[in-house]
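This is what each chain is made of:
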Amino acid sequence: MSPRWTVAVLALLGLLALACEGSAGAGSGPSDPGRPRPGTPGSIAALGDSITTGFGSCVLLASCTRNSWSTGDGLRVESHYRRLQKTNPAIRGHAHNAAAPGARASALPAQAETAVRAKAEYVTILIGANDACRGTVDAMTGVDEFRRDLDRALKVLKQGLPKARVLVLSLPDLNRLWEVGHTESRVTRIWSRGICPALLANPTSTAEADRRRRAAFADRIDAYNRQLAAACRAYGSRCRYDNGAVHRVRFTLDLVNPLDYFHPNVAGQNRLAEVSWENSGY
C-alpha cells in the first residue's frame with residue numbers, strides 16, 4: 001500500500017473511532033430515557049374523597065382506584081402516576097391512594113399520616129365535595145372549620161415530608177352539573193335518591209327557596225376554593241394550587257357516570273388528570 005493510501009485509511013479509522021465514542025456517550029447522558037428526570041418523584045400519594053378513588057368509573061357504584069386521576073394504574077386513564085412513569089420508571093409500584101368515599105376535610109389529617117408513612121415524594125389533594133354535599137345548607141362544614149382541618153393536614157405533611165411536593169386542586173363546579181342535568185328526567189330521577197341534597201334536591205324546582213339554596217351551595221364551594229388556595233400559599237414553595245383549573249372545567253353529562261350522574265366516569269377522570277397535570281410543575 002502506498003504511503004498516501006496508508007494515511008487516508010488511518011484517517012478514516014480515526015473518524016470512525018470518534019463516531020463510535022460519541023454514540024456510546026449519548027446513551028449515558030441526561031437525555032437517557034431509562035434515567036429519571038432530575039426532580040421527578042419516586043413515589044406518589046393521593047388524599048381526598050370518592051372522586052380520587054375513581055368511584056363509579058367502573059361498572060358499579062364503588063371505588064375503582066385503577067381509574068383514579070391521581071394514582072390510577074389502569075390503561076384507560078392517563079393519571080399523574082402513569083405520566084410520572086414516563087420520566088421516572090422507578091416510581092412503578094410506589095403509588096398510594098389514601099382517599100376514601102365520603103371523606104370530608106376532617107379526614108384529611110389521618111390521610112396525610114398515611115402519606116407520611118408511605119414516604120411519598122409527591123402528594124395530591126382534592127377535598128371538599130362532601131363538606132358541601134350535606135343534607136341541608138346549614139349542615140355544610142363551616143368555612144373556618146374547613147380551613148382548620150386543611151391546615152392540620154398540611155402541617156402533618158410539612159413536618160413528616162418536608163421535601164415532598166404537594167398539589168392542591170380546586171373543587172369542581174358542582175353547580176354546573178345541576179345546570180346540564182336538571183332538565184333531563186333520567187338524571188333527576190337518580191338525583192332524587194339523595195345525591196348531594198344540599199345542591200340537587202328538588203332539581204326541577206324554580207321556587208325562590210330552591211334558587212337561594214343552590215346559590216348558597218355555589219358560594220360555599222367558592223369559599224372552600226379560596227381557603228384551599230390560601231392554605232397552599234401559607235404552606236410555602238413546595239405547595240402548588242391549580243389556580244382554579246379544575247373548577248373551570250365545563251363538565252357535561254358525558255363526563256359523569258350514568259349510575260349517579262355525579263361522579264366522573266373514565267372520560268371525566270381523564271379530564272381531571274389532564275387539567276391538574278398542567279399545574280403540577282412536572
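Everything below is about the structure shown above.
Keep in mind that what you see is a predicted model, and the values were worked out from it rather than measured.

Thoughts on empty space enclosed by the protein
Okay, step 1: Scanning the model with the defined rule gives one cavity of 30 Å³ or more in all.
Okay, step 2: Of the volumes computed, that of the largest cavity is approximately 90 Å³.
Okay, step 3: For the largest cavity, the full set of lining residues is Ile 51, Pro 172, Asp 173, Leu 174, Leu 177, Phe 251, Val 256, Phe 262, His 263 and Pro 264.

A short note on the state of the cysteines
Okay, step 1: For the structure shown, the criterion picks out three disulfides.
Okay, step 2: Between the sulfur of Cys 58 and that of Cys 64 lies a disulfide, 1.8 Å long from S to S.
Okay, step 3: For Cys 58, a relative accessible area of 26% translates into the label partly exposed.
Okay, step 4: Cysteine pairing for the protein (bonded cysteines numbered in sequence order): 1-2, 3-4, 5-6.

What about the layout of surface pockets?
Okay, step 1: In this structure, the largest pocket occupies an estimated 280 Å³ of space.
Okay, step 2: For the lining of the largest pocket, the per-class residue count stands at nine nonpolar, four polar and three charged.

Re the side chain of Ser 79
Okay, step 1: Locating Ser 79 in the fold gives a position in the loop between strand 1 (44-48) and helix 2 (80-85).
Okay, step 2: The exposure class of Ser 79 is buried, given its relative accessible area of 0%.
Okay, step 3: Every residue in contact with Ser 79, bar those within four places of it in the chain, is listed here: Ser 68, Trp 69, Ser 70, Thr 71, Gly 72 and Ala 273.

Definitions and limits used
- Residues numbered from 1 in each chain as written.
- Predicted model: local features only at pLDDT ≥ 70, side-chain atom pairs only at ≥ 80, totals over all residues.
- Heavy atoms only, no water.
- 1 Å grid on protein atoms, 1.4 Å probe; cavity = no way out; pocket = protein on both sides within 12 Å on 5 of 7 lines; lining within 4 Å.
- Points joined across faces, edges and corners; volume = space filled by probe spheres on them.
- Disulfide = S-S within 2.5 Å.
- Buried < 20%, exposed > 50% of the residue type's maximum accessible area, 1.4 Å probe, protein only.
- Nonpolar A, V, L, I, M, F, W, Y, C, P; charged D, E, K, R; others polar.
- Helix = DSSP H or I, 4+ residues; strand = E, 2+ residues; numbered from the N terminus.
- Contact = heavy atoms within 4.5 Å.

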